[in-house]
Amino acid sequence: MMMQKTKVKSLIVFVFLLTLFYGFTFILIDFIDTPVSSIKDIFLVSFRWGYMVVMTAVLLYFLSVNKYIFAATFPILSVLCSVLSYYKLTFHVELTQMVIDLALVNDFRTSFDAISWQLVLLIIIILVLSIPTVIYRFKHIKVKYGFLQLIAFFLLLFFIDSNYTISKPLVRHTPYSIYYSFKSYFENKRLIAETRPDFQEKVQCKSDSITVVFVLGESLSAKNMQINGYKRNTTPYICKEKNLINLSHIYSEYGYTHESVPYILTRADRQHPDIGYEERSFISLFKKAGFKTTWLANQESINTFVYFMNECDTLINVSNGKSLFIFSKWLDEDILPHYKKVLNNGLAKQFLLVHTVGSHWYYNNHYPERFKKYNPVTQSKIVSSNSHEEIINAYDNTILYSDYIWHLLINELRHRNAILIYLSDHSENLGEDGHYTHGDGDWPAQHYPGGFVWYSDKFKSLYPDKISHLEQNKDKAYNTSFLFYSILDAGDIYSSFLNHPENIFR
C-alpha cells in the first residue's frame, strides 16, 4: 500500500512540474498582453490563466498515465505549443481555421518563408528537454490501473467538449486551441462540401460592365453616426459624398454575427429564418449572371457562414491569425491592397464582398493611433473596468476610422459603373440599461445597425430609375433581409426576385 501511494505521489509531482513549465511558458504567453488597468483586472486575468493551468494539468496527467502514449504525445504537444507561442510573440497571430487552411494550401516555399532560425532553435531546445522527460517517465514512474484511467480521461474529454461553459475558455488558449482549431477546420470543410440546391430562377445581367461592392460591417450603431445626427463628427467623409443615400431605419433581426450574416446573405426572413442554413446566398446568382465574385475577409470564418465565403470564385483571408484574443492592431486598411488588385484585374462584371472587422470589441485594436481623436479611451479588456466615457470614445474612434476606410473603398470606384452598399451585421450595446458590447445577451440596442448606399456618376446616369426609387425609400424602415433582393437589382440582375417589397431600388 505504501509503495502504491509513493507511485501515485511521484506521478502527481511529475505532472505538477510539467504543468508549471507549461503554465509559465506557453499558457502565460496567451495572457501576458491582455490590457488591464487595475488590481481587479489583474486578478480576473490571473484567474483565467489559473483555469487554463488546471485544465492543462488534467490533460498532462492523463497523457502521463500510459508511458507509451506519453512518449508519443508529449514531445509533439510541446513542440506545437512552442511554435504557437513563438508566432504569437513575434507575429501576433494564433492558430485558427484560416491559418491551418493557409498553411495547407500554400506551396512549400511560401510556408518555408515563415520559418526562422530562432524558431528552429526553439524547437530543438524543446525536443532536447522532452527526451529526458520521456526517459524519466519510463524509468521512474509506474501507474496501476492505467487503462481504466485512460477510459476515464476520454469520458472526461467528451464531457468537457460537450459542455459549453467549461470548454469556451479552452477554445482559444494553448494547448487546447490545437484540438479546437483543427476541429473547427474539419467542421468547416464538411460544411463547405454541403450540397445546397442551386436557384432555378433564370437570371441575366444586361450591363456589359458593372462593379458591385457589398461592405459587411461589424457592430456599427446607426445612432453613433454623424450622418444620422450624432453630436460628434464620426463620419465626415461620407457626409460629403453627393452620391450617397443613408439608410437610417434598418432593423437587424439578430444581435450576433454568427446569426445575422446567414440571414443577411440569403432569402431568410422573420417567417423563414432557417433558409439561412438551407439555401445558397445571392452570391450564386451573381455568378450565374456572369460576375466574377470575391470575398475579402478581415474576420475569422464562422461555421454558420463559411459556406457562403466559399461560394465566391475567390476567397482572400486578410485576417490570417488575428483573433479576439490577440491584443495587437487588427485594421481594415489591410484589405485595401487586395481590394485594389481585384478591381484592376480587367474583368467587366465584378462582385466583391468586403467583410470588415469594423467596431468589434476590443475597440482600441481596430483603429490606428492617428484616429484616436476622442479621449480618454479604454485601458482594459475587462469591460466593467472602463468608464462609460472611455468606452464611447474608443467606439467612436472606430467609426471615424471606418469612415476613412469607406472613403478609400469608394475612391477606387468613382470612375467605374459601380455601386457600394454598406450594412453592419448588427449594432452594439453602449450603456443602454447598463449593457455594453454584444456578449452578455440579446438587447434592443444591438438591433439598429448603420447602412448606406453609394453610387458612381456613371451608375446614376445609366440607372436613373433605381436612384429615384432609392431616394424615395431612404426613410422607410427595413429589416436586414432587404439586402438579398436589393443587391441583385443593384447589380442590374433581372430575375423574379426584383419585385419583392423589400427591394430598396423599386
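A quick note: this is a predicted structure, and the numbers were derived from the prediction, not measured.

Procedures and definitions
- Residues numbered from 1 in each chain as written.
- Predicted model: local features only at pLDDT ≥ 70, side-chain atom pairs only at ≥ 80, totals over all residues.
- Heavy atoms only, no water.
- Helix = DSSP H or I, 4+ residues; strand = E, 2+ residues; numbered from the N terminus.
- Rg over C-alpha atoms; globule rule 2.2 N^0.38 Å.
- Buried < 20%, exposed > 50% of the residue type's maximum accessible area, 1.4 Å probe, protein only.
- Contact = heavy atoms within 4.5 Å.
- Lys, Arg positive; Asp, Glu negative; His and termini not counted.
- Charge placed at Lys NZ, Arg CZ, Asp CG, Glu CD.
- Core = buried A, V, L, I, M, F, W, Y, C linked by side-chain atoms within 4.5 Å.
- Disulfide = S-S within 2.5 Å.
- Pairing = 2+ DSSP bridges.
- Salt bridge = Lys/Arg side-chain N within 4 Å of Asp/Glu carboxyl O.
- Phe/Tyr/Trp six-rings, centres within 6.5 Å; stacked < 30°, edge-to-face > 60°.
- Lys NZ or Arg CZ within 6 Å of the ring centre and 35° of its normal.
- Axes fitted to C-alpha atoms, helices over the stretch in contact; angles between N-to-C directions.

Digging into the overall build of the chain
Of regular secondary structure, the chain possesses 18 helices and 13 strands. Scaling as 2.2 N^0.38, a compact globule of 506 residues should have a C-alpha radius of gyration of about 23 Å, and the chain matches this with 26 Å. The principal-axis extent of the C-alpha atoms belonging to the chain is close to 90 × 50 × 45 Å. When burial is assessed residue by residue, the chain has 53% of its 506 residues classed as buried. Pairs at least 24 residues apart make up 75% of the contacts formed inside the chain by residues separated by at least 6 positions. A gap of 7 Å separates the mean positions of the 48 positive and 46 negative side-chain charges of the chain.

Here's the deal with the nonpolar core
Membership of the largest hydrophobic core comes to 51 residues, with the highest contact counts inside it found for Phe214, Phe282, Trp295 and Phe351. Broken down by element, the residue count for this core peaks at seven residues, all from helix α18 (residues 482–490). In this structure, Val215, Leu244, Ala394 and Ile410 belong to the second largest nonpolar core, which totals 44 residues.

Description of the state of the cysteines
This model, assessed by the stated rule, comprises zero disulfides. For Cys312, which is in no disulfide, the shortest distance to another cysteine sulfur is to Cys205 and amounts to 16 Å.

A closer look at the pairing of strand β5 (residues 292–297)
With five of six residues buried, β5 is to be regarded as a mostly interior element. Bridge count for β5 against strand β6 (residues 314–317) is four bridges, and the pairing is parallel. Paired with Thr294 across the strands is Thr314, a residue of β6.

A few points about the pattern of salt bridges
Inspection of the entire model under this criterion finds 21 salt bridges. Lys329 is the partner of Glu369 in a salt bridge, and the nearest nitrogen-oxygen pair spans 3.6 Å. Taken together, the positions of Glu369 in the loop between β7 (349–355) and α15 (388–411) and Lys329 in the loop between β6 and α14 (336–343) put the pair 40 residues apart, joining distant regions of the chain. For Lys329, a relative accessible area of 32% puts it in the partly exposed group. For Asp492, the salt bridge is made with Lys466, and the minimal N-O distance between the two is 3.9 Å. Within this pair, whereas Asp492 is found in the loop between α18 and β13 (493–494), its partner Lys466 is found in helix α17 (residues 464–473), the two being separated by 26 residues in sequence. Considered together, Asp492 and Lys466 belong to a single accessibility category, that of buried residues. Connected through salt bridges with shared partners, the residues Lys466, Asp489, Asp492 and Arg506 form a single ionic network.

Details of the packing of aromatic side chains
Evaluation of the coordinates by the stated rule reveals 43 aromatic pairs. Their ring planes at 75° and their centres at 5.1 Å tell us that Tyr185 and Phe186 sit as a pair that is edge-to-face. Residue Phe186 is classed as exposed on the basis of its relative accessible area, which comes to 54%. Taken together, the ring pairs connect Phe199, Phe214, Phe282, Phe286, Phe291, Phe351, Phe484, Tyr485 and Phe497 into an aromatic cluster. A cation over an aromatic ring shows up here: Arg196 above the ring of Tyr307, its NZ or CZ 4.4 Å from the ring centre. The ring of Tyr463 has Lys466 lying over it, and the distance from NZ or CZ to the ring centre is 5.6 Å.

Observations concerning the sheet that holds strand β2 (residues 210–217)
Taken in spatial order, the seven strands of this open sheet run β3-β11-β8-β2-β7-β5-β6, and their pairing is mixed. A single partner strand is all that each edge strand has here, and the edge strands are β3 (244–246) and β6. Within the sheet, the average angular offset between the axes of one strand and its neighbour, ignoring direction, is 15°. Its contacts with the sheet place α14 against β2, β5, β6 and β7, and it is angled at close to 170° to β7. Across the face of the sheet, α18 comes into contact with β2, β7 and β8 (418–424) while running at roughly 170° to β8.

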